[in-house]
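Residues per chain are reported as follows:
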Amino acid sequence: MAAGWRFIAQRALTGEWLDWDVPLALSANPVRALSGPGSLTGTIEPEYSRLRGPDGMPVLMEWGTKLYLEIDGHIRWGGIVTRTLFDGAKMSIEAEGLSSYAHGTPFEGHILSGKLITPKDPYEGKDRNHDGYVDFTDPKQPMPTPPKPYTGPRKDAYVAFREVWEHILSRPGGDIGLQVDSHNLGELLGAADGSDPWELAWWNSPDCGQALDSLARDTPFDWVETHTWTPDHSQVEHRLRLGTPRLGRKRNDLRFADGENIVAIARPEGLGDEYASEVIVLGKGEGRAMRRAQVYAPAGNRLRRVATVTDKTLSSASALRLRGTQELAGRTQALQIPAIQIADHANARYGSWALGDDIQVQVHVPWVGDVSLWHRIVSDEISADGTCTLTLKRSDSFHY
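Residues numbered from 1 in each chain as written. Predicted model: local features only at pLDDT ≥ 70, side-chain atom pairs only at ≥ 80, totals over all residues. Heavy atoms only, no water.

Caption draft 1: The overall build of the protein, seen in detail. Each helix and strand counted, the protein has three helices and 23 strands in total. Whereas a compact globule of 400 residues would reach a radius of gyration of roughly 21 Å, the protein reaches 27 Å, over 25% beyond that. Considering only C-alpha atoms, the protein reaches an extent of 95 × 65 × 40 Å along its principal axes. Here the protein holds 400 residues, and the buried ones make up 46% of them. (Helix = DSSP H or I, 4+ residues; strand = E, 2+ residues; numbered from the N terminus. Rg over C-alpha atoms; globule rule 2.2 N^0.38 Å. Buried < 20%, exposed > 50% of the residue type's maximum accessible area, 1.4 Å probe, protein only.)

Caption draft 2: Layout of the packing of helix α1 (residues 157-170) against helix α2 (residues 208-218). Following both chains from N to C, one finds α1 and α2 inclined at 165 degrees, their axes separated by 10 Å at the closest point. Put simply, α1 runs roughly antiparallel to α2. Regarding α1 and α2, the two cross each other, and that crossing is left-handed. On the side of α1, the interface is formed by Ala157, Ala160, Phe161, Val164, Trp165, His167 and Ile168, while α2 contributes Cys208, Leu212 and Leu215. Considered class by class, the residues forming the contact of α1 with α2 number nine nonpolar, one polar and no charged. (Axes fitted to C-alpha atoms, helices over the stretch in contact; angles between N-to-C directions. Parallel < 35°, antiparallel > 145°, perpendicular 65-115°, else oblique. Left-handed = near helix turned anticlockwise from the far one by under 90°. Contact = heavy atoms within 4.5 Å. Nonpolar A, V, L, I, M, F, W, Y, C, P; charged D, E, K, R; others polar.)

Caption draft 3: Fine view of the nonpolar core. One finds Phe161, Val164, Trp165 and Phe221 to be the most contacted residues of the largest nonpolar core, which totals 29 residues. Contributions of two or more residues to this core are made by α1, β11 (178-180), α2 and β14 (236-242). Of all the elements, α1 adds the most residues to this core, at eight residues. Apart from the residues within four sequence positions on either side, Val164 is in contact with Phe107, Ile111, Leu200, Cys208 and Leu212. Residues Ile342, Leu355, Ile359 and Phe398 belong to the second largest nonpolar core, which totals 25 residues. (Core = buried A, V, L, I, M, F, W, Y, C linked by side-chain atoms within 4.5 Å.)

Caption draft 4: A look at the sheet that holds strand β17 (residues 278-282). One open sheet accounts for three strands, arranged β18-β17-β19; its pairing is mixed. Edge positions in the sheet fall to β18 (292-296) and β19 (306-310), since each of these pairs with one other strand and no more. If you compare each strand with its neighbour and ignore which way they point, the axes differ by 15 degrees on average. (Pairing = 2+ DSSP bridges.)

Caption draft 5: Quick peek at the sheet that holds β11. Spatially, three strands are ordered β11-β14-β13 in an open sheet, and the strand pairing comes out mixed. The open sheet has two edge strands, β11 and β13 (223-229), and neither has a second partner. Taken over all neighbouring pairs, the strand axes of this sheet differ in orientation by 25 degrees on average, direction set aside. With three bridges connecting them, β11 and β14 associate as parallel partners. In the strand pairing of β14, Leu178 is matched with His238.

Caption draft 6: Summary view of the pattern of salt bridges. Here the structure, examined in full by the defined rule, presents 16 salt bridges. We note a salt bridge from Arg11 to Asp55, for which the minimum N-O separation is 3.1 Å. Of this pair, Arg11 sits in strand β1 (residues 5-11) while Asp55 sits in the loop between β4 (39-44) and β5 (65-71), and the two are 44 residues apart along the sequence. Look at Arg11 and you get buried, because its relative accessible area is 7%. Judged by its relative accessible area of 42%, Asp55 falls in the partly exposed class. We note a salt bridge from Arg376 to Asp222, for which the minimum N-O separation is 2.4 Å. Separated by 154 residues along the polypeptide, Arg376 in strand β22 (residues 369-382) and Asp222 in the loop between α2 and β13 bring together distant segments of the chain. Several salt bridges converge on common partners, so that one network encompasses Arg251, Asp253 and Asp357. (Salt bridge = Lys/Arg side-chain N within 4 Å of Asp/Glu carboxyl O.)

Caption draft 7: Here's a closer look at the environment of Pro37. Take Pro37: it is sitting in the loop between β3 (25-33) and β4. Once the C-alpha coordinates of Pro37 and Glu94 are considered, the two residues, 57 residues apart in sequence, prove to be 13 Å apart. The residues touching Pro37, leaving out its near neighbours within four places in the chain, are Glu96, Gly97, Ser99, Ser100, Trp223 and Glu225.

Caption draft 8: Summary view of the pairing of β1. In terms of burial, β1 is a largely internal element, six of the seven residues being buried. Pairing of β1 with β5, which is carried by seven bridges, proceeds in the antiparallel orientation. Its bridge partner lying in β5, Phe7 is registered against Leu69. Note that β1 and strand β2 (residues 17-19) share two bridges and pair antiparallel. Bridge pairing in β2 links Gln10 to Trp17. Where β1 folds back onto β2 in an antiparallel hairpin, the turn is made up of five residues, including Gly15, whose phi is positive at roughly 80 degrees.

Caption draft 9: Region of the structure containing the side chain of His375. Relative to the helices and strands, His375 resides in strand β22. Residue His375 is classed as buried on the basis of its relative accessible area of 0%. Within the structure, His375 has its side chain in polar contact with the backbone oxygen of Leu373 (distance 3.4 Å). With sequence-adjacent residues up to four places away left out, His375 is seen in contact with Gln336, Ile337, Asp357, Asp358, Ile359, Val361, Leu392, Lys393, Arg394 and Ser395. (Polar contact = N/O pair within 3.5 Å; in protein donor to acceptor, adjacent residues only side chain to side chain.)

Caption draft 10: Looking closely at the packing of aromatic side chains. Applying the stated rule across the entire model yields nine aromatic pairs. Note on Trp20 and Trp229: the rings are 6.3 Å apart at their centroids and 20 degrees apart in plane angle, and the pair reads as stacked. Of the two residues, Trp20 is situated in the loop between β2 and β3 and Trp229 in strand β13; the sequence distance between them amounts to 209 residues. Note on Phe161 and Phe221: the rings are 5.4 Å apart at their centroids and 85 degrees apart in plane angle, and the pair reads as edge-to-face. Of this pair, Phe161 sits in helix α1 while Phe221 sits in the loop between α2 and β13; the two residues are 60 residues apart in sequence, bridging distant segments of the chain. Side by side, Phe161 and Phe221 carry an identical accessibility label, which is buried. By way of ring pairs, the aromatic residues Trp17, Trp20, Tyr68 and Trp229 are connected into one cluster. Against the face of Tyr123 rests Lys126, its NZ or CZ located 5.6 Å from the ring centre. Just above the ring of Trp374 sits the side chain of Lys250; from NZ or CZ to the centre is 4.6 Å. (Phe/Tyr/Trp six-rings, centres within 6.5 Å; stacked < 30°, edge-to-face > 60°. Lys NZ or Arg CZ within 6 Å of the ring centre and 35° of its normal.)

If you want it as structure tokens, here you go:
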């Protein structure tokens, strides 16, 4: 293991510290992801008798152990052991970020935002002879105008996101200690006119993880999982940071250049068959009643190419156009650098960037020449050999 590195194990529910230096050898570098849980895999060989807790249970227990990677006193990765495999004296483990716990957890409540409410008309049925007056009134009382429908309460997208997490954490044996940012996004769910309410209901058997992912994708917004020591270094705080409307910032203060701190780049790629200058989104309904939206981008000197997306959860015009805009943003760009491997360097020290940051990547691409493109960091993985790999997407493929 690299100097300054150690893996720490903690019982997931009780918070009891189990081992301060787990002898884990990485099989793949630990990954942190934007709007995702991240992952870590490793092996232990041979069998260590100390890897049993005071309770007699294995220190590394599926869905029972939190695992952290600490580097030079800072938690650089945190998650929960989700799978263990045994092959003689060799043990393999897989771990995912704590937010992965939401996936596979059923939602057992009901959240409704923007329902169209039609008040009961107290005079309904009181003009049986259809003369325009309330029956049996003297003098005759004209029938009042029925009350108009109105839109019920609408929830902020972050409020709904928190309510799903509160539901997960409130179940017996479900409190994994995650804290979700308390601020609001300013985007209300459901159409303002009540035509397309947003609803999450137990009778539709929704998966909490899928519901959270859909909410973040369709609103849209970013989130990222963080793990930090408390000031007294006695516990680790787990937090889900929410972006308003997105996490990260443009990093003019950092430099990522070929021959300086970039030691390798993934093969640059174009879009190929994924390119499109136009997107058609098909939503709720069938036949002529199907909801539909069409979004365009200037094709310039390229031929028109059309991509069709079907999402039967969408019904409002604004939701259909948003989905089309998101799809189009990722299909109209040209050259992209999928990933770069960097060394710890004065240009950009480890830990100086954050997931979601926009960085300028300056590299030489054969057949293209020297290029300087802005990319967004969507994941990172640090290696014991002193390098770090940043997974990237072109900044202009994001519209929020």
